[in-house]
Every structure is written in structure tokens, then in C-alpha cells.
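# Overview (structure and organization)
Residue strings, one per chain:
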Amino acid sequence: MKSFNFTVSEVMTKKTKPASNQLAFGKYFTDHMFVMEYHHKKGWYDGQIVPYQPLTLDPASMVFHYGQTVFEGLKAYATANGEIQLFRPEENIKRLNRSNVRMCIPPIDPDLALSAIKELVKLEKDWVPKAEGTSLYIRPFIIATEPNLGVEAAKQYKFVVILSPVGSYYKEGINPVKIAVENDYIRSVEGGTGEAKTAGNYAGSLIAQEIAEKEGYAQVLWLDAHEKKYIEEVGSMNVFFKIDGEIITPKLNGSILPGVTRKSVIQLLEYWDLPITERKISIEEIVEAHQAGHLEEAFGTGTAAVISPIGELNYNGEKLSINNQKTGEIAKRLYDTITGIQYGKIADTFGWINIIS
Ligand SMILES: Cc1ncc(COP(=O)(O)O)c(C=O)c1O
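Every chain's residues receive numbers from 1 upward, in the order its sequence appears when written. Since the coordinates come from a predicted model, pLDDT governs what is reported: local features require at least 70, and pairs of side-chain atoms require 80 or more to be given and counted, while whole-chain, interface and lining totals use all residues. Note: side-chain values were computed over all heavy atoms of the structure, leaving out hydrogens and water.

## Some words on a positive patch on the surface
Rules: Note that patches include only residues with greater than 30% relative accessible area and no salt bridge, and the join distances are 9 Å for like charges and 5 Å for nonpolar side chains (Val, Leu, Ile, Met, Phe, Trp, Tyr). In short, Shrake-Rupley with a 1.4 Å probe defines the accessible areas, and a residue's cover is counted only from the protein chains shown. By definition, a salt bridge exists where a carboxyl oxygen of Asp or Glu is found within 4 Å of a side-chain nitrogen of Lys or Arg. Neither His nor the chain ends is counted toward charge; the positive residues are Lys and Arg and the negative residues Asp and Glu. Charge coordinates come from a single atom per side chain, which is NZ of Lys, CZ of Arg, CG of Asp or CD of Glu. Helix and strand assignments come from DSSP, with helices taken as H or I runs of at least 4 residues and strands as E runs of at least 2, each series counted from the N terminus.
A cluster of like positive charges, contributed by Lys14, Lys17, Lys122 and Lys125, occupies part of the molecular surface. Secondary-structure assignment places Lys14 in the loop between β1 (7–8) and β2 (32–39).

Written out as C-alpha cells, the structure reads:
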């Protein structure tokens, strides 16, 4: 890996760190952040670690008007022997660059992005919480900063990395969540921006999420845009079902976000020699399997919650209770294995861990 030198300006006074039982998700931010500029004549330049602070932007910055922006989400974990480690950061950086291509944002040298993340986390190592289930969430993002109201790709950008100590994403933790199947709104369509991690996908999904939450559901399950028939993914997770022993996840089709956890789950299931299939799966197939007593498990996968068992699916008012609203055997095994590797309790035979030296 190439090495990079970033200017570091440290804070004079450090913040008081929150208690680990107060963390929730994305509410607290560390003392420093990473910032780097892009200009079309210079490329990416001037990478710096600076005190965490507001960004000052021209009101005509293109990100405010046309949403040209991408982001990532990954975590740093504290191990029992005092090391800090990242889980598959190279995958997040690859996805960042794929999102960049889709959103006409210039790519970042993967080694440069990884160095920025590692240097920042290293400086903020005291912010990595140690209590069970906690971690330091890493949020790299890029925004178009050129002041210009023309609808075109910007010529100037900012790459920023911020860090947030986090607890569990759902108040339910590893316990099953309730998910509502979304019948009115759609998240994305092939050829759209669904497979990119870009703000508009999330802004457009908030209304469905709000309605679902009012009815007591944690998130929505999105269906395909053409027929509202095939399952895509959950709000911030990919989704897996176990029917009659076979584990099925929707095949990536251009409108689904290719999750790093999804990829890891597939690799683990294959390694365990369990039947895992990536294919189109309709909501009707799930309802029928449930009626026949063959729907054994359902769970979501994502960096924030790792594995989130689904205890209930609501489809058109019909409530499908899954596995007696209990965490299934596969979900538990995956959760234990992935978190075991992340926290250094299980040997990483896959090369997924990147230790911060
Ligand atoms: C829409 C969406 N799908 C799936 C995922 C899961 O992806 P990952 O496993 O990389 O966190 C996320 C979270 O980042 C997401 O926002």
C-alpha cells in the first residue's frame, strides 16, 4: 500500500465522551475529522485531519441543488487485546468508487481513501467504545462544492470522513424486528441510482419509513418498481429468507445496494456448505411458504445492525409471524461468527480484518 502524509491539526480541548449505554446510532461525533479537496485541474489534494467542525460552503454549492453526493458506512472495533480493527474497508472503498462513477464524481485512489480512514481512526482510538455491541462508526462522504447552478457534473468536491461511537442500531438489538412490505412507494429501479450509496435514495425513502414507523414497524421491505412483486431489500439492509432449508437472497439487479455484510453472509454460508441461492424472489412466494409452514427464517444484513432477524412481515395488512418471532438458528450463527471476527474473538480465516497499527 502507498503511504500518504496528511497535515494534522489537533484540538486544544477534547470533548467528554458519552457513556457507552447512551450511544444509540450517530448522535455523537469525535474530536477530529478528515477533509480533502478536489479540483478538476489538480485532482484530489490537501488531505488534512482537522478538529471536528462545521463546513463552510457557498450556498450555490451543487450538492445543495442537485444532490451530487455519495457516502459509505463501516466500523472500527476494539478487541480484547487492545487492538483496533476494521472489517473489510477495501469493500467499502470499492463501493464508494462505484457510487462515484454512477454519480459522475471523480474516483479516489483506494489507498488514499484507506489511509485517510486509518489515520483518522488511529488518532481517535480512544473514541472506539469497548462495551459489548458498541463500535466506532466511520462515515466517509463526498459532496459537490462547486458554486454553479447549471445542471452538470461539478468540477470541485470535498471528501470528508467523520466518526461516531455507536451502540446498537435497533432498540431491539439482535432481537427480531417487525418489517412492513411497502406497496405504494418504490425505492429504485434498474438503471436508477439504487445500487449507488447516494443521498437521494434515502431522502426518497423517508416517507414510507415514517408511515411504517407510525404503525409500529422498524423499516420497510421494498418491492421492485415494475410489478411490485419481487423483493429488493429493506431500508438499510439486504434481506435473506430460509425456506425449506434453502437460504435465498434477491439477486443484485442494479437497483439493490450491494451490501458488504450481504457479501460476507453469502461467503460464510457457502463456506459452511449450506444451500444459498441469489435469485428473484416474489413476495407471493414468501406468503405461500409461510402458509405452508416452510418459511423458517428471515433476516436483514447490514453494517449497522450486522444481522437483524425479522419476526414479523406485514403485507397488505396480513401479519406473517416468522419463527415464532424468535431469532433463527442461521441468523444467530451468522451474527456470532461475523461479530466474533469483527471483535477479534474468532480467527479471521477470510482476510476480512484490517488492523489499525
Ligand atoms: C439501502 C441499503 N441496503 C443495504 C445496506 C447494507 O449494506 P452493508 O452491509 O454494506 O452495510 C445498507 C447499509 O449500508 C443500505 O443503506
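## Quick notes on the environment of Ile356
Rules: The rule is simple: take the accessible area with a 1.4 Å probe, protein chains only, and divide by the maximum for that residue type; under 20% is buried, over 50% is exposed, in between is partly exposed.
The residue Ile356 is located in strand β18 (residues 353–356) in this model. Its relative accessible area of 11% is what places Ile356 among the buried residues. Between the C-alpha atom of Ile356 and that of Met12, which follows or precedes it by 344 residues, the distance is 24 Å.

## Some details on the site of the ligand
Note the following rule: We call a residue near a molecule or strand whenever a single non-hydrogen atom of that residue lies within 4 Å of it. Polar contacts here mean pairs of N or O atoms no more than 3.5 Å apart (in protein, one a potential hydrogen donor and the other a potential acceptor; neighbouring residues in sequence count only if both atoms are side-chain atoms). Throughout, the ten residues Ala, Val, Leu, Ile, Met, Phe, Trp, Tyr, Cys and Pro are labelled nonpolar, Asp, Glu, Lys and Arg are labelled charged, and all others, Gly among them, are labelled polar.
Residues in close proximity to the ligand total 16 residues, the closest being Lys197, Tyr202, Glu233, Thr261 and Thr303. The separation between an oxygen atom of the ligand and a polar main-chain atom of Val260 is 2.8 Å. Contact with the protein chains covers 95% of the free accessible surface of the ligand, which is 380 Å². Grouping the amino acids of the shell around the ligand by side-chain chemistry returns four nonpolar, eight polar and four charged.

## Here we look at empty space enclosed by the protein
We count it as follows: The rule is simple: put a 1 Å grid over the protein atoms alone, call a set of points where a 1.4 Å probe fits but cannot get out a cavity, call an open set with protein on both sides within 12 Å along at least five of seven lines a pocket, and count a residue as lining if it has an atom within 4 Å of a point. Grid points are joined across faces, edges and corners, and a volume is the space filled by probe spheres set on the points.
Using the criterion set out here, one finds four cavities of 30 Å³ or more in the structure. Of the volumes computed, that of the largest cavity is approximately 80 Å³. Lining of the largest cavity is provided by Leu74, Lys75, Tyr77, Phe87, Asn92, Val260, Thr261, Gly302, Thr303, Val306, Ile338 and Gln342. Listing elements by their share of the lining of the largest cavity, those giving two or more residues are β5 (74–78), α6 (260–271) and α8 (329–342). Sort the elements by how many residues they give to the lining of the largest cavity and β5 lands first, with three residues. For the lining of the largest cavity, the per-class residue count stands at six nonpolar, five polar and one charged.

## Quick notes on the nonpolar core
To keep things clear, this is the line we draw: Here the nonpolar core consists of buried residues drawn from Ala, Val, Leu, Ile, Met, Phe, Trp, Tyr and Cys, with membership extended through side-chain atoms lying within 4.5 Å. Whether two residues are in contact is decided by their heavy atoms: any pair within 4.5 Å suffices.
Residues Phe34, Trp44, Val121, Ile138, Ile142 and Phe159 are the most contacted members of the largest nonpolar core, which totals 46 residues. Examining the composition of this core, we find that seven residues originate from one element, helix α3 (residues 110–123), more than from any other. Not counting residues up to four positions away in its chain, the partners in contact with Trp44 are Met36, Glu37, Tyr38, Pro106, Pro107, Ile108, Leu112, Ile142, Tyr157, Lys158 and Phe159.

## What about the packing of aromatic side chains?
Aromatic ring pairs are reported here in terms of the distance separating the ring centres and the angle at which the planes meet. Let me state the cut-off plainly: Aromatic pairing here means that ring centres of Phe, Tyr or Trp (its six-membered ring) are within 6.5 Å. Orientation follows from the plane angle: under 30 degrees is stacked, over 60 is edge-to-face, and everything else is tilted. A ring has a charge above it when a Lys NZ or an Arg CZ is no more than 6 Å from the ring centre and no more than 35 degrees off the ring normal.
What the rule picks out here adds up to 14 aromatic pairs. With centroids separated by 6.4 Å and ring planes inclined at 70 degrees, the aromatic side chains of Trp44 and Phe159 adopt a geometry described as edge-to-face. One end of the pair, Trp44, is in strand β3 (residues 43–51); the other, Phe159, is in strand β8 (residues 156–166), and 115 residues separate them in sequence. Aromatic pair Phe350 and Trp352: ring centres 4.3 Å apart, planes at 15 degrees, arrangement stacked. The partly exposed category is assigned to Phe350, whose relative accessible area is 25%. An aromatic cluster is present here, built from Phe4, Phe6, Phe34, Tyr38, Trp44, Tyr157 and Phe159 joined pairwise through their rings. Above the ring of Tyr217, the side-chain terminus of Lys178 is found at 5.9 Å from the ring centroid. When the ring centre of Trp272 is taken as reference, the NZ or CZ atom of Arg333 above it lies at 3.8 Å.

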